[in-house]
Amino acid sequence: MRLQLSGKATCNSHGQGSSYFLGWQEYEKNPFDQTRNPQGIIQMGLAENQLSFDLLESWLSENQDIAGFKRNGESIFRELALFQDYHGLPEFKKALVQFMEEIRGNKVSFDPNKIVLTAGATSANETLIFCLAEAGDAILIPTPYYPGFDRDLKWRTGAEIVPIHCTSSNGFKITACALQQAYQEARNRNLKVKGVLVTNPSNPLGTTMTRAELDLLMDFIIEKQIHLVSDEIYSGTVFSSPNYTSIMEVLLKYEKAEVWDRVHVVYSLSKDLGLPGFRVGAIYSNNDSIVAAATKMSSFGLVSSQTQYFLSALLSDKKFTKNYISENKKRLKKRHALLVSGLQNAGISCLKSNAGLFSWVDMRHLLSSNTFEAEIELWEKIVYDVKLNISPGLSCHCSEPGWFRVCFANMTEETLEIAIRRIKALVESASRGRDKVISSQRSSKNNSRKKSFSKWVFRLPFHDREAGER
Amino acid sequence: MLSRKASCNSHGQDSYYFLGWEEYRKNPYDEVRNSSGIIQMGLAENQLSLDLVESWLESNPEATGFTNGESTFRDIALFQDYHGLPAFKNALAGFMARIGENKVSFDPNNLVLTAGTTSANEILMFCLAEPGDAFLVPTPYYPGFDRDLKWRTGVEIIPIHRSSSNGFKITESAMEEAFEHAQNQLNRTVKGLLITNPSNPLGTTMTRRELNQIIHFANTKNIHVISDEIYSGTVFDSLGFISIVELASQHKSSHNKDDLLSRVHMVYSLSKDLGLPGFRAGAIYSHNEVVVSAATKMSSFGLVSSQTQHLLSSMLSNEKFVREYLSENRTRIKNRQQTLVSGLKDLGIKCLNSNAGLFCWVDMKKFLKLNTFEAEMELWRRLIYEVGCNVSPGSSFHCVEPGWFRICFANMDERTMAVAMRRVRVFVDSMHAERIKNMKSQFGEGERKWSALALPCSLRFEMIEGMEI
């Protein structure tokens, strides 16, 4: 008699064969280290912001008391140790909404009573789906999108994702046509559409949505009477123009309208502040029922009171936040320029972007054919020969082969330069025609491995990752 | 427009358990500022030993300062691996073993860290059951289970009834009855049993016999057993506690040991033993690799803050602190429990004989007008509004017998406890006076019967009950 586990527990084991996971595995086996392993694989698949820790560390050194549970010289350890109210620490919610306002140039204001704290945006997104959709309902998401959504939005909720296809023909912007097509596809599959979920700024594109796209989305959700979730986790990483427009700004003109309480924002401190370990996320909504339900659901993933207190002090320090936001953007801009120009020198172009911790890189001209098989072939070469772990567009559900997401903010400048040199070398050897020799040499070795890749690559989402990757 | 989960009430927040909290929040007792406010006795928090933790922190500032020579702020800030901080898992496994007096050891690789047991229990439901399936849970049980186990998972709870006739122990026939009811009458597939050991609200540890019966039952029906051991560090009678992991490791049965270990899962947290509910540090422990693997990924939805993992790993790695803390904490809990028990005894109120937990399971049946839950609610209202003590009525724990209340003792200082006891005394006296008045009006004056008034409180009640009317 076999002991039963749920479908949810057992289905996940199939993800273990995905090529995305294998890229991570290769990196773990042979990680680059400037001194100890200079031939190792450089991690460029991890969307972390490591550029501004010094700013945080210097704040910390001037505010040791805060980390030590003190407020104005007095210990509040006891109060914090016991604090598990899912309404969240008031001083933290206040500081957080002010930070969110500052990121948006104070063009919108947020009410602390409408914010729900969650253990990261991972938890926030899942919670919102539990609130908006039944098992079997559909959420429309523009491609390419963050691979983690396949797990975060679908796994335990039972919801379905139907893609809104975006293509390079117009810089991957959302079009009215693509929205309607996605909606129709859902209807054809007998799925009830409950909402649209967008990431703005986009992961993996690194672009901010235009006003026109945002208006289009509003028109669409008004027409279809559905919800809109705007994941604004990268809102503090907008480093150049066009300026960032949050959906909350667009929503201002709909204050009296029905759609007012069908638009929800997700945020987190994992990218802007580079604190993914602290598990600080939030849902913001004008919808009282959603706030009430999500607040209760946040019981399943509350933010540690220790962390709430620490960050309330950090974010209340306006001198710090002003300086941090501006300096962080400068550093991201510089790092982004380094990657883009380096790739340009190698004859590789990137989608023009103004935000995020990565570039969306066009390697279509390096494909042996305009197919996803060729994309994976190229990706393998980049992982095993060039020794860079980057993310293939297929893993982000991109509809065109040849695009890759390359992260730039999770390493030193020197490491980035080494990575760029390696890419240049690949391109040069490709143009010299040596790649044909290399690939035939490798083909007998890799045939079996390639076969298993092909089987898995098209089968399941690339969501299995060891560390949190976004 | 919203999902059923968002609009329905199965989060259980409307039960009396939570409503009592609401009343307390509106009018909370404070020795200085609101001495006539409601005393919170419905909150199972351990506030007795926080000074020990606080003084450890004072002596070990690097635990909160992000540097202990091994990690930097940067390392900690970036650490979001759902496998958890190894140093923390090692320390936690060691702490759990010490609580069980090293009768069993815990392998950190079998631990999954979660944001509290609230998250751990829900994750296990998602891993072990489909929507519509059932889990058997012995009554009385923690009201939060109605939300944690059922709400988003769609799993049903089927109660295994326990009664005062045998000290609320679990019986084979009760388990069998619950199973039959689920499978045959409700057409639900039973996927497992969930027990809380030590029990909330009873404050008792399960006997070896009960645990063996549960394991035997689970083996026979081929179902899982989850043991929520969140109160294991509050056991103040050292002979009492046996972890399900210990029992499963030792168990000799006709089924092979691996099979047994694969169906047994334990849940733990630092919220009660260490008194740190705000830190959201919970865990699942299981030998079942598939469960550990799936639960690890699901923990993405509720990871423990790396800042907190770092702090706790320092603290729990300190063997001297752990040893002294566990022993002193037990002593304080025991003393406080005895204060409550003896205080109530003086008033003629009995508690279930308990050896753990942060509360007593109190028999107030004699104060009920009728043996009904309506009468229990009426009594509860009087306790909140007249006596000014928020205690938790048994019905909110799904108890089958009216008249039982859970009263917490570890979430207040000694003086507040004394105030609470005085208020209860006043209440008992007034109840007594009421009964005398009622009887007088029924049976007329008569000196012989009423000389009972001169007797001490506890005897007075016994006399009245014993008197033939």
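Bear in mind the structure is a predicted one, so any value in this text is a computation, not a measurement.

## Focus: the sheet that holds strand β11 (residues 349-350) of chain A
All names here are of chain A. Overall, antiparallel pairing links the four strands, which are arranged β11-β12-β15-β14 in an open sheet. Only two strands of the sheet have a single neighbouring strand rather than two, namely β11 and β14 (391-392). Two strands pair when backbone bridges link them, and β11 and strand β12 (residues 358-362) are joined in this way by two bridges, in the antiparallel orientation. In the sheet register, Ser-349 faces β12, and the bridge partner there is Asp-362. Strands β11, β12 and β15 (403-407) of the sheet are contacted by helix α14 (residues 318-345), whose axis makes an angle of about 15 degrees with β12. Helix α15 (residues 372-384) contacts β14 and β15 of the sheet and is inclined by roughly 30 degrees relative to β15.

## Considerations on the packing of helix α15 (residues 373-387) of chain B against helix α16 (residues 414-443) of chain B
All names here are of chain B. Relative orientation of the contacting elements α15 and α16 amounts to 125 degrees, with a least axis distance of 11 Å. Judged on the interaxial angle alone, α16 and α15 are oblique. Viewed along their axes, α15 and α16 form a crossing whose handedness is right-handed. Contacts from Leu-379, Arg-382, Leu-383 and Val-387 of α15 reach α16 at Arg-423, Val-424, Phe-427, Met-431 and Glu-434.

## Digging into the confidence of the model for chain B
All names here are of chain B. Within chain B, residue pLDDT values average 91, and 90% of them lie at 70 or more. Long-range and interchain partners of residues 450-469, a stretch whose pLDDT sits below 50, account for 35 contacts in this model, where long-range means more than four residues apart. Two numbers describe this predicted complex: its pTM, 0.93, and its ipTM, 0.92.

## Quick word on the pattern of salt bridges
Residue and element names in this part refer to chain A. For the structure on display, the rule yields 42 salt bridges over all chains. The shortest N-O distance in the salt bridge between Arg-156 and Glu-126 comes to 2.8 Å. Separated by 30 residues along the polypeptide, Arg-156 in the loop between α8 (149-152) and β6 (160-164) and Glu-126 in helix α7 (residues 120-132) bring together distant segments of the chain. There is no split in this pair, since Arg-156 and Glu-126 are both buried.

## Focus on the interface of chain A and chain B
Chain A puts 76 residues into the contact, and the matching count from chain B is 73 residues. Taken over both partners, the interface formed by chain A and chain B buries close to 6700 Å², and the fraction arising from carbon and sulfur atoms is 59%. On the chain A side of the contact with chain B, Leu3(A), Arg156(A) and Phe300(A) bury the most area, a combined 13% of that side's loss. Across the chain A-chain B interface, the total number found is two salt bridges. Connecting chain A to chain B are 25 residue pairs in polar contact (both at pLDDT 80 or more). Here the element with the most residues in the side of chain A that touches chain B is α7(A); it accounts for seven residues.

## Some thoughts on the pairing of strand β10 (residues 281-285) of chain A
Residue and element names in this part refer to chain A. Most of β10 sits out of view: five of its five residues are buried. Here β10 shows a buried face lined by Gly-281, Ile-283 and Ser-285 and a second buried face lined by Ala-282 and Tyr-284. As paired elements, strand β4 (residues 115-118) and β10 share four bridges and run antiparallel to each other. Residue pairing in the sheet places Leu-117 in a bridge with Ala-282 of β10. Bridge count for strand β9 (residues 263-268) against β10 is five bridges, and the pairing is antiparallel. Across the sheet, residue Val-265 finds its bridge partner in β10, namely Tyr-284.

## What about the sheet that holds strand β13 (residues 404-408) of chain B?
All names here are of chain B. The four strands lie next to each other as β9-β10-β13-β12, forming an open sheet whose pairing is antiparallel. With one partner strand each, in any of the chains shown, β9 (350-351) and β12 (392-393) form the two edges of the open sheet. In the sheet, β9 pairs with strand β10 (residues 359-363) via two bridges, with the strands oriented antiparallel. Its bridge partner being in β10, Lys-350 is matched across the sheet by Asp-363. Its contacts with the sheet place helix α14 (residues 319-346) against β9, β10 and β13, and it is angled at close to 15 degrees to β10. The sheet strands contacting α15 are β12 and β13, and the helix crosses β13 at an angle near 30 degrees.

Thresholds, definitions, all that
- Residues numbered from 1 in each chain as written.
- Chains lettered and ligands numbered in written order.
- Predicted model: local features only at pLDDT ≥ 70, side-chain atom pairs only at ≥ 80, totals over all residues.
- Heavy atoms only, no water.
- Pairing = 2+ DSSP bridges.
- Helix = DSSP H or I, 4+ residues; strand = E, 2+ residues; numbered from the N terminus.
- Contact = heavy atoms within 4.5 Å.
- Axes fitted to C-alpha atoms, helices over the stretch in contact; angles between N-to-C directions.
- Parallel < 35°, antiparallel > 145°, perpendicular 65-115°, else oblique.
- Left-handed = near helix turned anticlockwise from the far one by under 90°.
- pLDDT = per-residue confidence, 0-100.
- Salt bridge = Lys/Arg side-chain N within 4 Å of Asp/Glu carboxyl O.
- Buried < 20%, exposed > 50% of the residue type's maximum accessible area, 1.4 Å probe, protein only.
- Buried area = accessible area lost by both parts, 1.4 Å probe.
- Polar contact = N/O pair within 3.5 Å; in protein donor to acceptor, adjacent residues only side chain to side chain.

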